[in-house]
Number of protein chains: 4
Amino acid sequence: MTYFSVDRIQYEGVASGNAFAFKRYNPSEVVLGKTMEEHLRFAAAYWHTFNANGSDPFGAGTMVRGWDKYDGLDRSKARVEANFEFLEKLNIPFFCFHDVDIAPEGESLRETNKNLDVIVAMMKDYMRDSGKKLLWNTANMFTNPRYVHGAGTSCHADVYAYAAAQLKKALEVGKELNAENYVFWGGREGYETLLNTDMSLELDNLARLYHMAVDYAKEIGFHAQFLIEPKPKEPMKHQYDFDAATTIMFLQKYGLQDHFKLNIEANHATLAGHTFEHEIAVAAMNGMLGSLDANQGDLLLGWDTDEFPTDLYATTLAMLEVLKAGGLGRGGINFDAKVRRASFHMDDLVLAHIAGMDSFAWGLKAAAKIIEENILEEIVAERYRSFNDGIGADIVAGKATLQSLEQYALNNPVARLQSGRQELLRLKLSEVIFSV
Amino acid sequence: MTYFSVDRIQYEGVASGNAFAFKRYNPSEVVLGKTMEEHLRFAAAYWHTFNANGSDPFGAGTMVRGWDKYDGLDRSKARVEANFEFLEKLNIPFFCFHDVDIAPEGESLRETNKNLDVIVAMMKDYMRDSGKKLLWNTANMFTNPRYVHGAGTSCHADVYAYAAAQLKKALEVGKELNAENYVFWGGREGYETLLNTDMSLELDNLARLYHMAVDYAKEIGFHAQFLIEPKPKEPMKHQYDFDAATTIMFLQKYGLQDHFKLNIEANHATLAGHTFEHEIAVAAMNGMLGSLDANQGDLLLGWDTDEFPTDLYATTLAMLEVLKAGGLGRGGINFDAKVRRASFHMDDLVLAHIAGMDSFAWGLKAAAKIIEENILEEIVAERYRSFNDGIGADIVAGKATLQSLEQYALNNPVARLQSGRQELLRLKLSEVIFSV
Amino acid sequence: MTYFSVDRIQYEGVASGNAFAFKRYNPSEVVLGKTMEEHLRFAAAYWHTFNANGSDPFGAGTMVRGWDKYDGLDRSKARVEANFEFLEKLNIPFFCFHDVDIAPEGESLRETNKNLDVIVAMMKDYMRDSGKKLLWNTANMFTNPRYVHGAGTSCHADVYAYAAAQLKKALEVGKELNAENYVFWGGREGYETLLNTDMSLELDNLARLYHMAVDYAKEIGFHAQFLIEPKPKEPMKHQYDFDAATTIMFLQKYGLQDHFKLNIEANHATLAGHTFEHEIAVAAMNGMLGSLDANQGDLLLGWDTDEFPTDLYATTLAMLEVLKAGGLGRGGINFDAKVRRASFHMDDLVLAHIAGMDSFAWGLKAAAKIIEENILEEIVAERYRSFNDGIGADIVAGKATLQSLEQYALNNPVARLQSGRQELLRLKLSEVIFSV
Amino acid sequence: MTYFSVDRIQYEGVASGNAFAFKRYNPSEVVLGKTMEEHLRFAAAYWHTFNANGSDPFGAGTMVRGWDKYDGLDRSKARVEANFEFLEKLNIPFFCFHDVDIAPEGESLRETNKNLDVIVAMMKDYMRDSGKKLLWNTANMFTNPRYVHGAGTSCHADVYAYAAAQLKKALEVGKELNAENYVFWGGREGYETLLNTDMSLELDNLARLYHMAVDYAKEIGFHAQFLIEPKPKEPMKHQYDFDAATTIMFLQKYGLQDHFKLNIEANHATLAGHTFEHEIAVAAMNGMLGSLDANQGDLLLGWDTDEFPTDLYATTLAMLEVLKAGGLGRGGINFDAKVRRASFHMDDLVLAHIAGMDSFAWGLKAAAKIIEENILEEIVAERYRSFNDGIGADIVAGKATLQSLEQYALNNPVARLQSGRQELLRLKLSEVIFSV
């Protein structure tokens, strides 16, 4: 059975007029000593690609999907087939999923787990045969009505226990499929109103759950990198993992900082009032850069639109921070992006991923050129040069005091400052993107 | 010389029709065991009250001010007189200032410091005579062009040294005037574009400056509480102390958490995408609630409008978090609020402070009633009751594991959940505010 | 069969401690010469009350609803029963619906219309027996996948024709049930990207459809007031009826201004960057105030949250504009508001409507007091007094020219201006609200 | 006297590594039958280039400017020299100013006008000698404290008269300098709070002022195109000319639509929640496209940042709408953009204009390619093809009725719809931009 009517998408180069070809993403092309494939480690997001139906708060599903003729476990199996066909045809090495994406929830936890086992076994076979890998898995602890008040931050212990059980299973599934990472996204971990909320207890409980997860992963020998994905709001009025800094604060407070890194999501960054590259930089600067969820928001809209990333400024600046941080390590670039509701054809899934992959490959090349040709590095080094010797070196070395600095200031007029040259740098950025 | 044509503002109660009277703020009225004056610890903000002229990016100053007929140090002295007259007439016990608010900058650091000494000596006399106190002082390290690239995060060591010298003097001024707190607001500590910024070096340097300040205060025996005031953006595209959580993360990372608390500003909270009460709660929950800058923003506008606080929902919810946290301690409520550009009369300063003080007194009474009459506490306790015994108590005690919780979940259906009742609670909030 | 376990909600006054009672809404109480019931003309929104299940983009439905045990037309009939029981118990005189709210869509347009006929006949009986009335009806031309590219602005003529047919039936239903108004909300009338959009053709087509509706209503003798409900964005990236001004511009351009008024929605106003009262004032000022959709948004969230209105500042300022405009005429106040996803009990529907009704009754009384006691009117009159005679009167009379005004300006210094007194007015507003 | 140390900036093509050269803007290059110079009609903004000092609400001026050593009229004269040197060196054909930009305000209206006369005479000479032209002028009726409550919408008739006199003089200046356009930007035409505002009277008065201006221009034979520049907020809480649609509504209502077109500003568009291209398209669709103020905002910041335009997506999409509308006619592209506060060197003015001009030239070429190669046109035509014949043609011809469309819908199933293909189009957009 074939779901996608296209042949395997090939790299044809920038001159190609073929919409169903890569013009920028050339997996074996070497950039700064690694292949594009090694740099980018693309993953398809199961939920948007195989589960989403195009519904929104004002409209029913629109997506035309080949697997929708099946029901229940049969549909889940069809999706597995479609997933591996898709990964193969798009030449995507990884995929990612929530537990509920891959198998139907049963009447009971036992039945749900049994359904998962069926699909996980099937996936394992497909993975072995295809060489495709699981970038990360996670447990969806926000869709089911039981999580209406949260999961690890629920006001009810029964729900907390259920979440813990679901998490346990998800860790086992991750181990079984050899996931490189395990992601925590706190879908309902937050509050609707402080009027009825004990934020302190909720956060303590969430930390307890994370500690249990760390312990259990160790116990079963699941060596995936643990990631938390920040988001500031939506669905909750306030989400606890607001942004990178808030999440790091939480991890530090509860002694979890050595067990977790961050999965930075582009549209979540902008909803928090940050650029994508800012959030990557904050994570990297704190040794916490784990993985990326690649998409883009519409900054004139106030919700998570999860559009496929096509803005080359954003992909270039994101890849620049990634390269400066030494790469994504065990992480990767997962397309947590959904085709627009009006892009309902199967072909749109293909075209959208080509758009995203080409845009990131393009951004990678532009970022690499910025580094290779020292387009920014020297400018930055020059700006901070005064910290290399004299009083500046004393400051950096921790040898200065308010008294010593006052003495310096009393005796030395402030040097003539240099312009930040932002306008020039911005034009350069366009020129670099164009030139690769 | 008298600057304000009104008599001392008296408490006349809610029935009063006199615009120049308090209708809610009755300083000696006891609420939850303390007087209103002890709870609220109001402060006037020197900069908005005595320095601001009503200019905005599109218009010149509009304010009609009695001290504007003087120049230089004479104007500074007139402002001191006006300040103490104002505190007396409004019955405000505290005031707050930046160094540059109180004395003119000279041609050199030495001259600037000399100007400061003149005014500080004069203030000290007035403070002794009036009994008025300094809630906090700070150094303005963002207005002067030398700080165009930041102060403690400047790209130039000379500027850093100058900032350190300015900070040193400000600490000495604080000690001389017996300030209860010392505030750091990072006006230009942030970046305009990542393209030319070494964020990691800048933050390391900022932490170094804070450590020097801690050391120097200790050395000179200045025992004020140190506060950082978060703000997410404006003037910089990104401000490093984005919000309470980001600031706490920074303090934890650099081992500064025991030396600092937070000064939470209402309009900065909303610019960061939070409510005022959220930021207070986050600070309190982390033992970091220091003081409040009271104002309100216009949520339909995207910049810091610093309006006088008159929204009773906001003042009530803020005071509720303050009361739950055990009060403001050495902190207080500083009106970091400016009269609108069109409120240019001297009387408007008086009326605006009455509005703010009455609104906070009102909020205090409403919050106290919520606590005294258990209007929310029981509802909250009931919501989390399942954590008091059984599996819930195990979770809270740290005795649960993923395995034990899975066992529980497999054997116990999730209890029927209760509604969050948000609509009911919101109506109750209006009713409480009305009833006090 | 009874769906709501409460008795009829009674007015018990502000002293009542009964959550299931009105404390402010006293239908027969006379305010400014009319009863509260006549002023407010409350309506229940069928979709939120009887159709919504609490799902959101991240979660499944949570609502516990008595009619969910039925299917198809039976469920629709149960909802009719529930609706009239609800209106009776809450003492709400009106209701509102989309066609798809009240009857299931069939396999064909014919079948859909037949389903509608069944329910409409049933409703007609219930309306006759209960005295309840239809404030407005409308056609849902945005949920069905056929409307993915719009309805009256679809890029496909077949869809446009289908929409026209649906609209025709909805007008007939309105006539049959004697609707006071008919509302057009352009759910998908907008665009996702200009790259593939012919905005000019789409708007011309939309105007054509409105003209057809005007003609057909006239033809069948349906004398309802036609209303357009502005919204700036969501679900579409850009919605054509962005706000009141945009909609009036459209109506003027296409010669439709005499046939339509506006249905102003609170949360749509704030999403457009306006206050609710601003949009009401703009409509009123242009003779276009038709009706209100009452709810409130969360200004820190960027999507349409449709919360029950409980902010008394907003309800007071809205009612003030309504009173100044001479009332709502044939319009009313429809609760286009949904209980929070965590307020899933049947009781929450009751409590939420009590909260909304009490909040609007409260706002009405506060607004009436502002008018009766001349709290603002005199201040405003005084501000503009200079336009009552002399050069000001000439300006208003259209007798001034640039030359005559220049002569005046050359010979007369600008008078000393008065303060806008905004801080005083805001405190007064709180005092009025919490005094009624 | 020379103010700018650079030589005349030359076009050197994309291969140039010279920061002080155009790489895209080649004035004589023909694009779609016109030279770039004819298409773009660039103008320098006097206020940002020669008056702005880099101050912001939190900081003093930083700009290092050669003319600052002069005072009063001498400084104004120096600025005139600098302006024409700058236009020459940057090869910019037009300039724009507010009255207060070019000459100091005097003690009286008479003196102010006399100052203006001096400078206008000087400018006229320079214009004749240089061939540079005035794209537009305007009167600044928002900076002076007298306009604190508005100008044409002031609550005081004296201020209104003064504004009229200022406007009269500005029209005379425009005539004297042969301005191609005259712009109205309603800096303080709006309100701070509805509580003290008579919006209806204010808007009637504003319309009266516009009518007087139309009459006076006719009387003196000033044939410039009149333009209104929309802005939604800032400095006022609400600005009356919120966006293009609101402004057109106002013009239609007061019978002014034949006398005015719009000056669309990029950052004002985004502050209103629109894209720049949307506002251009709305203006064009209504026959109201007049001129452009080119800059860009930072969508993560909530105020008017007026950055130099460097985002090629924005410049391309803007120029695409301009080309589709048949060009800018008598309008042009004015850089209403300011160098960042940290870009304080004179060179930054040069570099920033190069960045802006190159970015718009680039956008022009990309837009031209989209049109020449039919990259979007065919896709759009195909989308709406069903309106070319049959029932679709009937609709467009105004021959359809609800009845005829219902008949059609009953007898014809809706055709299979096509995808909007947004992801494909977005990638194409990147490819086009970075191919020219």
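Residues numbered from 1 in each chain as written. Chains lettered and ligands numbered in written order. Predicted model: local features only at pLDDT ≥ 70, side-chain atom pairs only at ≥ 80, totals over all residues. Heavy atoms only, no water.

Where an unreviewed UniProt entry is consulted, chain A appears under the name Xylose isomerase, with the organism given as Paenibacillus chungangensis. Entered under Subcellular location (unreviewed entry) in the UniProt record, the comment concerning chain A runs "Cytoplasm". Of chain A, the UniProt comment under Subunit (unreviewed entry) reads exactly: "Homotetramer." (UniProt positions renumbered as here; feature names shortened; annotations may be inferred.)

### Things to note about the relation of the copies chain A and chain D
With an RMSD of 0.1 Å, chain A superimposes on chain D once it is rotated by 180° and translated 0.0 Å along the axis. Put plainly, the chains are arranged around a two-fold axis. Residue phenylalanine 434 of chain A of chain A places its C-alpha closer to the rotation axis than any other residue of that unit, at 2.5 Å. A symmetric contact is evident, with 100% of the interface residues of chain A recurring at the interface of chain D. (Least-squares fit on C-alpha atoms with pLDDT ≥ 70 in both. Contact = heavy atoms within 4.5 Å.)

### A few points about the nonpolar core
Among the nonpolar cores identified, the biggest contains 626 residues, and Phe4 of chain A, Phe4 of chain B, Phe4 of chain C together with Phe4 of chain D are the most heavily contacted of them. Aside from chain neighbours lying at most four places away, what touches phenylalanine 4 of chain B is Phe50, Trp67, Ala82, Glu85, Phe86, Lys89, Met346, Leu349 and Val350 of chain B. (Core = buried A, V, L, I, M, F, W, Y, C linked by side-chain atoms within 4.5 Å. Buried < 20%, exposed > 50% of the residue type's maximum accessible area, 1.4 Å probe, protein only.)

### Remarks on the interface of chain A and chain D
Accessible area lost on assembly of the parts is the figure often given for the size of an interface. On the side of chain D, 49 residues touch chain A, which itself brings 45 residues to the contact. Taking both partners together, chain A and chain D bury about 3,700 Å²; carbon and sulfur atoms supply 62% of that area. Among the salt bridges present, the one from arginine 421 of chain D reaches aspartate 348 of chain A, with a minimum N-O distance of 2.6 Å. Elements with a contribution of two residues or more to the side of chain A that touches chain D: helix H11 (312-324), helix H12 (346-372) and helix H16 (422-435) of chain A. (Buried area = accessible area lost by both parts, 1.4 Å probe. Salt bridge = Lys/Arg side-chain N within 4 Å of Asp/Glu carboxyl O. Helix = DSSP H or I, 4+ residues; strand = E, 2+ residues; numbered from the N terminus.)

### A word on the sheet that holds strand E6 (residues 94-98) of chain C
Residue and element names in this part refer to chain C. Ordered by their spatial adjacency, 8 strands build a closed barrel running E5-E6-E7-E8-E10-E12-E13-E14, and the pairing between neighbours is parallel. Strand-to-strand twist in this sheet, taken as the mean axis angle between neighbours without regard to direction, amounts to 30°. Here strand E12 (residues 260-265) pairs with strand E13 (residues 289-293) via 4 bridges, running parallel. Its bridge partner being in E13, isoleucine 264 is matched across the sheet by leucine 292. (Pairing = 2+ DSSP bridges. Axes fitted to C-alpha atoms, helices over the stretch in contact; angles between N-to-C directions.)

### Digging into the UniProt feature "binding site: Mg(2+) 2" (unreviewed entry) in chain A
Residues and elements named next belong to chain A. According to UniProt, the positions carrying the feature "binding site: Mg(2+) 2" (unreviewed entry) are Glu265, His268, Asp304 and Asp306. Look at the named residues: they lie 42 residues apart in sequence, but the longest C-alpha span between them is just 10.5 Å, so in the fold they bunch up. Position of histidine 268 relative to the elements: it lies in helix H9 (residues 266-271). The class of histidine 268 is buried, set by a relative accessible area of 4%. Discounting chain neighbours no more than four positions away, the residues touching histidine 268 are Trp185, Glu229, Pro230, Lys231, Pro232 and Asp304. In this fold, aspartate 306 is placed in the loop between strand E13 (289-293) and H11.

### Quick notes on the packing of aromatic side chains
One pass over the full model with this rule turns up 124 aromatic pairs over all chains. Aromatic pair phenylalanine 50 of chain A and phenylalanine 86 of chain A: ring centres 5.9 Å apart, planes at 85°, arrangement edge-to-face. Here phenylalanine 50 of chain A is found in helix H2 (residues 46-51), whereas its partner phenylalanine 86 of chain A is found in helix H3 (residues 72-90), with 36 residues between them in sequence. For the pair phenylalanine 50 of chain A and phenylalanine 86 of chain A, a shared accessibility class is recorded, and that class is buried. Taken together, the ring pairs connect Tyr3, Phe4, Tyr46, Phe50, Trp67, Phe84, Phe86, Phe95, Phe97 and Tyr126 of chain A into an aromatic cluster. For the cation-ring pair, arginine 146 of chain B lies above tyrosine 162 of chain B, with the distance from its terminal atom to the ring centre recorded as 3.7 Å. (Phe/Tyr/Trp six-rings, centres within 6.5 Å; stacked < 30°, edge-to-face > 60°. Lys NZ or Arg CZ within 6 Å of the ring centre and 35° of its normal.)

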